[in-house]
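Observations on the model geometry
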Amino acid sequence: MRTLLTTLLLFFVLWPTAALLAEETASPPKASKPQPRSLDELLIMVSEGYETEREINRRRVEEFIKNRDHQERLLADAMAVISREEAKSQILEVEYNENELAIGTSQARMTERLGELGELFGVVRQVAADLGAQTWNSLTSSDGGSQQELLDRLGRSTELPTTADLEKLWLELQREITKQGKVSRYRTTVLTIEGTQEEREVIRAGPFSAISNGRYLLWEPEDQLLRELGRQPPSNHLDTAESFANATTYFAKFSVDPSRGGLLLALIDTPSRTERVQQGGAVGAVIIVLGVVALIVGVWRWIVIAITSSKISAQRNSETIDVNNPLGRILEVAERNANFDTETLELKLDEVVLRESSKLENFLWLVKTVSVISPLLGLLGTVTGMIQTFQAITLFGAGDPKMMAGGISQALVTTMLGLIVAIPLVLLSDTLANSVRKLIDILDEKSAGLIALRSEKDNVGG
Amino acid sequence: MWEVEAFAVVRGFIEQGGDVLLVIAFVTAVMWTLILERMWYFRTGFRHDFAQAQALWDARTDHSSWNSRQIRRVIVSDVRVELFWGMGMIGTLVALCPMLGLLGTVTGMIEVFDVMAAGGGNTRGMAAGVSKATLPTMAGMVAAISGMLFHVQLERFAESAANRVSDNLEMFPEQSS
């Protein structure tokens, strides 16, 4: 029973294996291969397959042996080639070494014979490179005619310059010297502020400054163009440009930039007055608005007080009572209540004086307050600006001053604005307060005195 | 020769200190003119005014009525006005000087930071800004301190002079004498 089970199991295990083997040994056309239908048939197929396999192997071995002889022949040939080439290489190496020596001696002889000419070569290269860089960056190039390629070639070349080149270099130097020494007038392309290119008449003073239409120009080496400066120098320098262009005398005054454009470039970087004020930010704007309002109010009060003051002094010198001024109104009250006793009259006068003086003091608090507040606002701006600065430092570190510049300029500009607003307002408010105090003094003390004088005069007269 | 040298020194100082220094110089000049004017007045004009007030008062026969009291107030107030003329302005100018100095500091510092922003380590350019920052501050301080000293003294003198005037215009001369 057990043996039967084992046999069955073996059969089931071996059958697929045998089938696989049969498939592998079989030739490629698989479909045409008849499938074994029983174990006997399988046995026959396997034995047949074995026979054909042996035949193939035998043929392979024969072929291999044949091939081996051929390869051996090839190897022998290759070996022969190698030995031949090696022999040739040795000959060449010897030749190479000999040549090396020959070159060395030839070079030594060459340097020996070059002597001072070698030095000249270096000097020519250096001069050409220097002149090239100079003319490239110089205003004189705007006049045209500089041989940039020649100078470039001479500056870079490793060969000895020819006599013709040397002569050209000399000519270039001479031309540059002549150009730099002259004030010349010529037409050339100018890049305008609008960004268009225009042919204009340009006046160039040596290598320093160039102007056209009374405006300063800057040389742009990259574009080899003259560019009109967006921001021009202050008017005292600009005026000289205008008069220089129209000069008819031999001598004329003209502001040149001795740094060859450096100062003009710095001019572009420095902010204008309005930009400076804008750096103050919101706090700066508040200071300016407050300052302007207080200034207008202050000037208005000043005019009012001056008029009142002149009216009061007119009233003091006149006999008739005019109610268009505070003193007149007080006197009028005194006149109207003349029949009262002095105590009541004084009370009445005090009342009127109080009313009039409060009218005079109108809006003075505004000027005073703004004059006190504006430096405080400036300080506020300083603090907010410093906060910005320190935030910038936290983010970017303290290495780059440009990163901090925004906050610092806000801090400084607001302080400056605060002070600029405060200084005239302090003066104004003090002047106003002084004159108002004087007027109130007059109303307070002199009105009573005037009444007293008047009544005495009346007594004497009556 | 020393005038030329002094002029050169002053001009160098102003050049280093910038425009604000000119404003400070102007304010200081006005302030000191006012102070000197007050000193001169206390020495000369005031005596005359005092005598005039006294004469005006002594000319009256009546010294104690309501009318007389008011007139006395007028006379004293007139003298006070003369005594304190310009004192408020001196005080204001004294207060302005440090403010102007601070303004100079700020404008100078702006210049320093302009140089820094333009290209880092130009120490010489920065030094020009720093001198523009410090010189006006110093000048403003010196002007303010000198003005302050005299202002206080002048006020004290004016106050005591005004009191002297009002003391001398006696209300009841009959009783006191």
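Residues numbered from 1 in each chain as written. Chains lettered and ligands numbered in written order. Predicted model: local features only at pLDDT ≥ 70, side-chain atom pairs only at ≥ 80, totals over all residues. Heavy atoms only, no water.

Turning next to the overall build of chain A. Looking only at helices and strands, one finds 13 helices and five strands in chain A. Every one of the 462 residues in chain A was classed for burial, and the buried ones make up 31%. Counting only carbon and sulfur atoms, one obtains 61% of the accessible surface of chain A, whose full area is about 30200 Å². (Helix = DSSP H or I, 4+ residues; strand = E, 2+ residues; numbered from the N terminus. Buried < 20%, exposed > 50% of the residue type's maximum accessible area, 1.4 Å probe, protein only. Areas by Shrake-Rupley, 256 points an atom, 1.4 Å probe, with all protein chains shown as cover.)

All names here are of chain A. Applying the stated rule across the entire model yields 15 salt bridges over all chains. Ionic pairing is found between Glu51 and Arg54, a salt bridge with its closest N-O pair at 3.9 Å. Of this pair, Glu51 and Arg54 both sit in helix H2 (residues 39–114), three residues apart, roughly one helical turn. Across the pair Arg200 and Glu198 runs a salt bridge whose closest N-O atoms are separated by 3.1 Å. We classify Glu198 as partly exposed; its relative accessible area is 34%. Connected through shared salt-bridge partners, Glu198, Arg200, Arg215 and Glu228 make up one network. (Salt bridge = Lys/Arg side-chain N within 4 Å of Asp/Glu carboxyl O.)

With that settled, the discussion passes to the packing of aromatic side chains. Counted according to the given criterion, the structure contains nine aromatic pairs over all chains. When the centroid spacing of 4.6 Å and the interplanar angle of 40 degrees are considered together, the rings of Phe42 of chain B and Phe157 of chain B count as tilted. Taken together, the residues Phe42 of chain B in helix H2 (residues 19–43) and Phe157 of chain B in helix H6 (residues 123–168) connect sequence positions 115 residues apart. Taken together, Tyr41, Phe42, Phe46, Phe50 and Phe157 of chain B form an aromatic cluster joined through their ring pairs. Sitting above the plane of the Trp300 of chain A ring, Arg301 of chain A keeps its charged end 5.0 Å from the centroid. (Phe/Tyr/Trp six-rings, centres within 6.5 Å; stacked < 30°, edge-to-face > 60°. Lys NZ or Arg CZ within 6 Å of the ring centre and 35° of its normal.)

Our next topic: the interface of chain B and chain A. With 27 residues of chain B in contact, the opposing surface of chain A contributes 31 residues. Carbon and sulfur atoms make up 72% of the surface buried where chain B meets chain A, a total of about 2800 Å² over both sides. Inspection of the region where chain B meets chain A yields one residue pair in polar contact (both at pLDDT 80 or more). For the side of chain B that touches chain A, the elements supplying multiple residues, two or more each, are helix H4 (66–83) and helix H5 (87–119) of chain B. No other element matches the 17 residues that H5 of chain B contributes to the side of chain B that touches chain A. Across the side of chain B that touches chain A, the residue classes tally to 16 nonpolar, six polar and five charged. (Contact = heavy atoms within 4.5 Å. Buried area = accessible area lost by both parts, 1.4 Å probe. Polar contact = N/O pair within 3.5 Å; in protein donor to acceptor, adjacent residues only side chain to side chain. Nonpolar A, V, L, I, M, F, W, Y, C, P; charged D, E, K, R; others polar.)

To continue, consider the sheet that holds strand S2 (residues 197–205) of chain A. Residue and element names in this part refer to chain A. Reading around the barrel, the five strands line up as S1-S2-S3-S4-S5 and close back on themselves, with mixed pairing between neighbours. On average, each strand axis in the sheet is tilted by 50 degrees relative to the strand beside it, whichever way the strands run. Where strand S1 (residues 183–191) and S2 come together, nine bridges link them in antiparallel fashion. The residue of S2 that forms the bridge with Leu191 is Gln197. Packed on one face of the sheet, helix H7 (residues 262–269) meets strand S4 (215–220) and strand S5 (225–228) and runs near 105 degrees to S4. (Pairing = 2+ DSSP bridges. Axes fitted to C-alpha atoms, helices over the stretch in contact; angles between N-to-C directions.)

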